[in-house]
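A look at the structure
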Amino acid sequence: MKRQRPTPLPSSPVGGGNANAATAPALFDLLSEEIVFLVLDFLDRDPLDRKSFSLVCRSFRSLESRHRKLLRPLRSDHLPAALARYPNVSALDLSLCPRVTDASLAAIAAACGDGLRSLDLSKSRFFSGAGLMSLAAGCRNLVQLDLSNATEMRDSAAAAIAEAKNLEKLWLARCKSVTDMGVGCIAVGCRKLRLLSLKWCVGVGDLGVGLVAVKCKEIRTLDLSYLPISNKCLPSIMKLQHLEELVLEGCFSIDDECPVVLKDGCISLKALDMSSCQHITHVGLSSITNGAGCVQHLTLAHGSSVTFALAASLRRLSMLESLKLDGCRVTNSGLKAIGNCCLSLTELSLSKCSEVTDDGLSFLVTKHKQLRKLDITCCRKITDFSIAHITSSCPALTSLRMESCTRVRKEAFVLIGQRCHALEELDLTDNEVDDEGLKYIARCSKLSILKLGICLNITDEGLSHIGKSCSKLVELDLYRSAGITGLGIQEVARGCPSLETINVSYCNDIMDTSLIALSKCERLNTLEIRGCPLITSLGLVAIAVCCRQLSKLDIKKCCNIDDGGMIPLAHFSQNLRQINLSYTSVTDVGLLSLASISCLQSMTILHLKGLTPSGLAAALLACGGLTKVKLQASFKLVLPQPLFEHLEARGCLFHWRNKVLQAELDPKCWKLQLEDVMQ
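Conventions we followed
Residues numbered from 1 in each chain as written. Predicted model: local features only at pLDDT ≥ 70, side-chain atom pairs only at ≥ 80, totals over all residues. Heavy atoms only, no water. Buried < 20%, exposed > 50% of the residue type's maximum accessible area, 1.4 Å probe, protein only. Helix = DSSP H or I, 4+ residues; strand = E, 2+ residues; numbered from the N terminus. Arc of directions from axis to C-beta. Contact = heavy atoms within 4.5 Å. Core = buried A, V, L, I, M, F, W, Y, C linked by side-chain atoms within 4.5 Å. 1 Å grid on protein atoms, 1.4 Å probe; cavity = no way out; pocket = protein on both sides within 12 Å on 5 of 7 lines; lining within 4 Å. Points joined across faces, edges and corners; volume = space filled by probe spheres on them. Nonpolar A, V, L, I, M, F, W, Y, C, P; charged D, E, K, R; others polar. Phe/Tyr/Trp six-rings, centres within 6.5 Å; stacked < 30°, edge-to-face > 60°. Lys NZ or Arg CZ within 6 Å of the ring centre and 35° of its normal. Pairing = 2+ DSSP bridges. Right-handed = clockwise from strand over helix to strand, strands pointing away.

1. Re helix 7 (residues 129-138)
Listing the buried residues of helix 7 in full gives G129, G131, L132, L135 and A136. Down the axis of helix 7, the buried set is contained in an arc of 160°. They therefore lie on one face. Of the exposed residues in helix 7, those oriented more than 90 degrees away from the buried face are A130 and A137. Here the buried face of helix 7 lies against helix 6 (102-112), strand 3 (118-120), strand 4 (144-146) and helix 8 (155-161).

Below, the structure is given as structure tokens:
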């Protein structure tokens, strides 16, 4: 088909240019609409880029309006204007709009019609079956619908969903008032479903699930987590010829009796999650896997003990790539059997498997040299011996999580840097790693995620090595690593320009100079600096001015941050969605200034000495997009009840706290207290 060029719109000289420049065709007027759309496809990282493009001229504004396919408004009252401006929207995400009424859904149906293919209402409320009926009737090509968390939705609304005959993906997680009858209506009406999530739909049992299995033959993904189902519905599920992913997490009534009728299995099944199914032992698992030899991802977290017998039941899964046993009691014989049986494993998770020892883990890793991801979080019995075997046997690891492996000595961390150069994610939270270890870990130049929280032996010297060598770093966690000061942070800021998330909470020596350095990281979107008493509004202003993508900010217990930081923040940080202001020096003026941030949805406001009831009330009313607010319970008594009723009607939820003002502990004392609790 011949490409069409957009009709050039009249243009005027810019900045008083000469007439010849005004009459000459603009560069973009020579390009086809398709080529301009390809250019716009690259402007997807920062929403401000698209806005800047559309503000150039009327022609650019028109092009950007026609190009946009996904719309994510902040409030439902913006919908009419937004839908009028963007006529070609096919995907509408309303997860940021807590209040979506039937009238809103009717307006969407009228404006988008058959062009709408995807709608996300996962955090929206106040609509009913009437609105969903309007949507189903007006948007006949709708293929994706997310209604998660619609806790008030009943069977009548489910019956309305059934009118969306072309639905392929439907999420109903935590729709606790929907019963078998409602799910049965959906099963009969939506025969093309490929994905269905009924997680925490506690009113749905064997009957509803059985109807889905009988009527929806195209199902690929089925999430039945925490449903009160029994063995009765499983035979029909396992007959689904295209089923690829089945989630049975928390289905406590399923036991070893179910596999008797599942001996033929489900040959298409690739992912099976049976987490917290504590009545399934090796007997049941063996029967299930007997006919599901194509399973590639298996999750048995928080289930039965992983013994030799259970591990041996995995022998038939010749294609198994990922095995997650988090929270299970894993025996040495079980680990050794996994080592001998599951020869194709590339991912293994043993998080919080407290019985794992050097003997079993070392044997397993020597048998699986192709491992790419390993999680041994809180495996407190392993020592340097395991780390030596892991690093020598699995040099191609891309992810290693070993939080709270407290018996591993500092010398072992040198081996990680010497041998595992492919690492992209490394979690060393609460370990004995020191500066020498970080010097060698810095050789892992592909690192994008590094977590060093509660590492009390590291200082700026070690962190400087990371800053100089790990230029791809995107996330850095230094929570309560008390030896870190501004010098280390400045080195990271210089060497890691792509940094998006940093946590330096309770690093008491961090000062404004650190934030000024971090302001050069323009992609920074998450900043956690709670408990840094030396930081003032000056440092926060530097972040606000330069880091325009900032969306999450935690300044709790930064007592020297006051209104002088809030006013610039409100002006420059228009993408801010979440902020914690507790224990700061912010007053009514600073809080009210935040109302100009239209994206702001969540605020935590505890122990602000300069905050008055009238100032709080004015700020809450002015912040029109709020969905969640944490407040000191004392305000509930002094503010009028109609105020809260009005805000709740707008979609805002209040969480009340009775926390008393607490003195901060030294990081080392804090860690000792934590260890006492764990013991």
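Once you've had a look at it, read on.
2. Quick notes on the nonpolar core
Nonpolar side chains tend toward joint burial in soluble globular proteins. Counting 192 residues, the largest nonpolar core has I237 and L594 as its most contacted members. When sequence neighbours within four positions are dropped, the list of residues in contact with I237 reads V209, A213, L222, L224, L243 and L246. One finds V36, L40, F53 and F60 within the second-largest nonpolar core, a separate group that totals six residues.

3. Brief notes about empty space enclosed by the protein
A complete count under the given rule lists four cavities of 30 Å³ or more for this structure. Its boundaries defined by the atoms lining it, the largest cavity holds a volume of some 100 Å³. Forming the boundary of the largest cavity are M274, C277, I280, T281, L285, L300, G303, S304, V306, L310, L325 and C328. Classifying every residue of the lining of the largest cavity gives nine nonpolar, three polar and no charged.

4. So, the packing of aromatic side chains
A complete count under the given rule lists seven aromatic pairs for this structure. Relative to Y506, the ring of Y479 lies with its centre 5.9 Å away and its plane at 85°, an arrangement referred to as edge-to-face. Taken as a pair, Y479 in the loop between strand 17 (475-477) and helix 20 (486-495) and Y506 in the loop between strand 18 (501-503) and helix 21 (512-518) lie far apart in primary sequence, 27 residues in all. Within the aromatic cluster, the residues linked to one another by ring pairs are W200, Y226 and F252. Taking NZ or CZ as reference, R99 lies 4.6 Å from the ring centre of F126, over its face. If you follow K336 out to its NZ or CZ, it ends over the ring of F363, 6.0 Å from the centre.

5. Comments concerning the pairing of strand 23 (residues 628-632)
Alignment of strand 22 (residues 602-605) against strand 23, held across four bridges, turns out to be parallel. Bridge pairing links S602 to K628 in strand 23. Viewed along the sheet, the connection from strand 22 through helix 25 (residues 613-622) into strand 23 turns out right-handed. Looking at chain direction, strand 23 and strand 24 (residues 653-657) are connected through five bridges and run parallel.

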